[in-house]
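Secondary and tertiary structure notes
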Amino acid sequence: MASCTFFGHRECPDSLKSQLQEILIDLITNHNIDMFYVGNQGRLDAIVRGVLQGLKKEYPQINYAVVLAYIPGKQNEYDDSDTMLPEGIESVHPRYAISWRNNWMLRQSDYVVTYIAHSWGGAAQYAAKAARQGKSVVNLADIENDALEK
């Protein structure tokens, strides 16, 4: 089986939810994706997590994990039952933790779904890195722009 991860700008529109769901269903049914790794820093991560929670009910064979960059404190502000810490993150300086986590997620994944609306920033860098590594990359911003042009 195969896996997928996600990278996006901190802000993205909620309107991506239906397009994201279509892409994820295609990845599950046509590309045998059964594992999804998602971060927890931006709006795209929150949208992905919500869509995956719903899809898990319809496709019980899939799994997902919210991959944390930092060891959670005693007072979590959200449900952490679907979170994980990648092995080795505990020895990474907090300044580099998000980059380390993103590289870890990229190494685990065959497919990458992004929301990249501009060419600067960490999300754009990881999308470009995924493409250089030969990963299949789908950019939700491109799909959104195509829909607006029609």
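The following refers to the structure shown. (Residues numbered from 1 in each chain as written. Predicted model: local features only at pLDDT ≥ 70, side-chain atom pairs only at ≥ 80, totals over all residues. Heavy atoms only, no water.)

**Focus on helix α3 (residues 97–108)**
Between its first and last C-alpha atoms α3 spans 17 Å; for 12 residues at 1.5 Å apiece the expected length is 16 Å, and the two agree. Taken residue by residue, α3 has Ala 97, Arg 101, Asn 102, Trp 104, Met 105 and Leu 106 as its buried positions. Here the buried face of α3 lies against β1 (2–8), β2 (33–38), β3 (63–67), β4 (83–84), β5 (111–115) and α4 (122–132). (Helix = DSSP H or I, 4+ residues; strand = E, 2+ residues; numbered from the N terminus. Expected span 1.5 Å × (residues − 1). Buried < 20%, exposed > 50% of the residue type's maximum accessible area, 1.4 Å probe, protein only. Contact = heavy atoms within 4.5 Å.)

**Looking at unusual backbone geometry**
A positive phi angle is found at Asn 32, which is not glycine, with a value near 55°. By the secondary structure assignment, Asn 32 is in the loop between α1 (16–30) and β2.

**Some points on the side chain of Asp 82**
Looking at the secondary structure, you find Asp 82 in the loop between β3 and β4. Residue Asp 82 is classed as buried on the basis of its relative accessible area of 10%. A polar side-chain atom of Asp 82 sits 2.8 Å from a polar atom in the side chain of Tyr 64. Those residues in contact with Asp 82 that lie beyond four places of it in its chain are Arg 49, Gln 53, Tyr 64, Ala 65 and Val 66. (Polar contact = N/O pair within 3.5 Å; in protein donor to acceptor, adjacent residues only side chain to side chain.)

**As for the state of the cysteines**
What the rule picks out here adds up to 0 disulfides. Among the cysteines around Cys 4, which has no disulfide bond, Cys 12 carries the closest sulfur, lying 15 Å off. Overall, Cys 12 belongs to the buried group, its relative accessible area being 10%. (Disulfide = S-S within 2.5 Å.)

**Some points on the sheet that holds β2**
Sheet architecture is open: 6 strands sit in the order β4-β3-β2-β1-β5-β6, paired in parallel fashion. Sheet topology places β4 and β6 (136–139) at the edges, where each strand pairs with a single neighbour. Relative to β4, β3 runs parallel, the two sharing 2 bridges. By the bridge assignment, Val 66 is partnered in β4 with Thr 83. Together, β1, β2, β5 and β6 form the strand contacts of α1, whose direction differs from that of β5 by roughly 175°. (Pairing = 2+ DSSP bridges. Axes fitted to C-alpha atoms, helices over the stretch in contact; angles between N-to-C directions.)

**Considerations on the layout of surface pockets**
Roughly 370 Å³ of internal volume is contained in the largest pocket. Top element by residues in the lining of the largest pocket is α3. It accounts for 5 residues. Residues that form the lining of the largest pocket fall into these classes: 8 nonpolar, 11 polar and 3 charged. (1 Å grid on protein atoms, 1.4 Å probe; cavity = no way out; pocket = protein on both sides within 12 Å on 5 of 7 lines; lining within 4 Å. Points joined across faces, edges and corners; volume = space filled by probe spheres on them. Nonpolar A, V, L, I, M, F, W, Y, C, P; charged D, E, K, R; others polar.)

**Focus: the packing of α1 against helix α2 (residues 43–58)**
Following both chains from N to C, one finds α1 and α2 inclined at 50°, their axes separated by 10 Å at the closest point. Judged by the angle between their axes, α1 and α2 are oblique. Of the two elements, α1 crosses α2, and the hand of that crossing is right-handed. Contacts between α1 and α2 involve Lys 17, Leu 20, Gln 21, Leu 24, Ile 25 and Ile 28 from the former and Ile 47, Val 48, Val 51, Leu 52 and Leu 55 from the latter. Here the contact of α1 with α2 is composed, by residue class, of 9 nonpolar, 1 polar and 1 charged. (Parallel < 35°, antiparallel > 145°, perpendicular 65-115°, else oblique. Left-handed = near helix turned anticlockwise from the far one by under 90°.)

**Structural notes on the side chain of Ser 109**
Inspection of the secondary structure assignment puts Ser 109 in the loop between α3 and β5. In terms of polar contacts, Ser 109 uses its side chain to reach the backbone carbonyl oxygen of Met 105, at 2.9 Å.

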